[in-house]
Amino acid sequence: MKILVSALEVSANVHLKVLRTYLKNVEWLGIYDALEPEDQPLFSPRQFSIMGFKEVGLKLSFFYKALRQMSALCAQADLVLLMDSSSFNIPLAKRIKARTPHKHIIYYILPQVWAWKSYRAKILERYCDQLGAILPFELSYYSHKATYVGHPLLDEIPLYKIRPQGHGVVFMPGSRQQEIRAIFPIFVEVARALPGSRVLVVPASLKGSDLEVLYGKDIALFEISYNAPQSLYEAEFAFICSGTATLEATLIGTPFVLAYKAKALDFFIAKRLVKLTCIGLANIFYNALHHERPGRGTTMLHPEYIQHGLHAQNLLQAYSTMDRVHFVRESQRLRAYLHTGSAQSVSEWIKKALGNPSTHSK
């Protein structure tokens, strides 16, 4: 059996790696990180690892080429699996349905329609056959095709704390060059001011790279880790760029501060497009737990320092004053809220679709 997969993000490929353990004798086509010798992806996710409106504009011709080649490659696949990255995967779903109307499409890790562009929910229900929601509150934005399948991080982080513990501090400045360039120098200032061990978590995809070229000479201040869950579990505190890693730290129970800085123009545009009171996934879930609108509530689990608020003094102040006991207790509530992992549920969808042609759209 052949599956066309479109997994552009680092986090999506981590989730895909777990999902693949449930699916044997499958040939994978498309965009993903190669794991086995027989893997021959059409594109590497690294080719899509950019951020910022200007940078995306400069690569538009590449994206259109990728869409054409992926929709053509779909003819060889028995099923399509789209993961996250809605700006690319929604147009891809449209092209695939236009070319092969009966091709079964599963969209796993849905776009954040609760944050902006809520109209995408109707588009997904039109062009996809099954929608795998990883956030319980997402279901209210869809009429009939979305199912909560659990959260993939619960498949990947079996270790979690029941009380504040650990030693040393973890720093996670993101995986994209733009993020690292903006955030890592501030993390260096913080690291110099803190006692004990300092661990820099580097994406596993960068193993074997010249890290000094990417991070600079100050990387010598840090121990290097490629294992985020283990490092977070062992640490007593963390400073993390926004993204999946913030939820990862929460589910493990390691108190942290979210730190994010974008280019001024990108931030200006995003602020006008997306009206949120918080950007951290844990805070967004925490809003939902307190019956507030996700991403627009006022009840926060952890501090967020963004743009001009992101400087060493604020980060060090948060490190000194954060209530660690409260954080660990509430992180257990969030873990219970998400309930279970998602890989097994999604793999059952795929097995059923591959084994039963009647599940395909008519």
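Analysis parameters
Residues numbered from 1 in each chain as written. Predicted model: local features only at pLDDT ≥ 70, side-chain atom pairs only at ≥ 80, totals over all residues. Heavy atoms only, no water. Helix = DSSP H or I, 4+ residues; strand = E, 2+ residues; numbered from the N terminus. Contact = heavy atoms within 4.5 Å. Axes fitted to C-alpha atoms, helices over the stretch in contact; angles between N-to-C directions. Parallel < 35°, antiparallel > 145°, perpendicular 65-115°, else oblique. Left-handed = near helix turned anticlockwise from the far one by under 90°. Pairing = 2+ DSSP bridges. Disulfide = S-S within 2.5 Å. Buried < 20%, exposed > 50% of the residue type's maximum accessible area, 1.4 Å probe, protein only. Right-handed = clockwise from strand over helix to strand, strands pointing away. Salt bridge = Lys/Arg side-chain N within 4 Å of Asp/Glu carboxyl O.

Within the secondary structure, Ser331 is located in helix H14 (residues 324–338). Setting aside anything within four residues of it in sequence, one finds Ser331 in contact with Thr250 and Gly253.

Let us now look at the packing of helix H3 (residues 60–73) against helix H4 (residues 86–99). Axis separation between H3 and H4 bottoms out at 9 Å; the angle between their running directions is 40°. One way to sum up the angle between H3 and H4 is to call them oblique. H3 and H4 meet at a crossing whose hand is right-handed. Residues Phe63, Tyr64, Ala66, Leu67, Arg68, Met70, Ser71 and Ala72 of H3 form the contact with H4, whose own contacting residues are Phe88, Pro91, Leu92, Arg95, Ile96 and Arg99.

Strand order in this open sheet of six strands is E2-E1-E3-E4-E5-E6, and the pairing throughout is parallel. If you trace the sheet from one side to the other, it starts and ends with strand E2 (27–31) and strand E6 (146–148), each paired once. Pairs of neighbouring strands in the sheet enclose a mean axial angle of 20°, with direction left out of account. Note that strand E1 (residues 2–7) and strand E3 (residues 79–83) share five bridges and pair parallel. Note that in E3 the partner of Ala7 across the bridge is Met83.

Under the definition given, this model contains zero disulfides. For Cys74, which is in no disulfide, the shortest distance to another cysteine sulfur is to Cys128 and amounts to 12 Å. According to the relative accessible area criterion, Cys74 is buried, its value standing at 1%. For the unlinked cysteine Cys241, the closest cysteine sulfur is that of Cys278, found at 16 Å.

To continue, consider helix H5 (residues 120–127). Within H5, the full set of buried residues consists of Arg120, Ala121, Leu124, Glu125 and Tyr127. In this fold, the buried residues of H5 make contact with H4, strand E4 (105–108), strand E5 (130–133) and E6.

Attention now goes to the sheet that holds strand E12 (residues 304–306). If you trace the six strands from one edge of the open sheet to the other, you get E9-E8-E7-E10-E11-E12, paired in parallel fashion. Sheet topology places strand E9 (223–225) and E12 at the edges, where each strand pairs with a single neighbour. Shown here is a sheet whose adjacent strand axes are inclined to one another by a mean of 20°, direction ignored. Note that strand E10 (residues 237–240) and strand E11 (residues 256–260) share three bridges and pair parallel. Within E11, the residue paired with Phe239 across the bridge is Val257.

A large share of E11 lies buried, amounting to five of its five residues. Once you follow E10 into helix H10 (residues 244–252) and on to E11, the crossover reads as right-handed.

Right, let's talk about the pattern of salt bridges for a bit. By the definition in use, this model includes ten salt bridges. The residue Asp39 makes a salt bridge to Arg20 at a minimum N-O spacing of 3.1 Å. Highlighted residues: Asp39 in the loop between E2 and helix H2 (53–58) and Arg20 in helix H1 (residues 10–20), separated in sequence by 19 residues. One salt-bridge network, held together by shared partners, links Glu9, Arg176 and Glu179.

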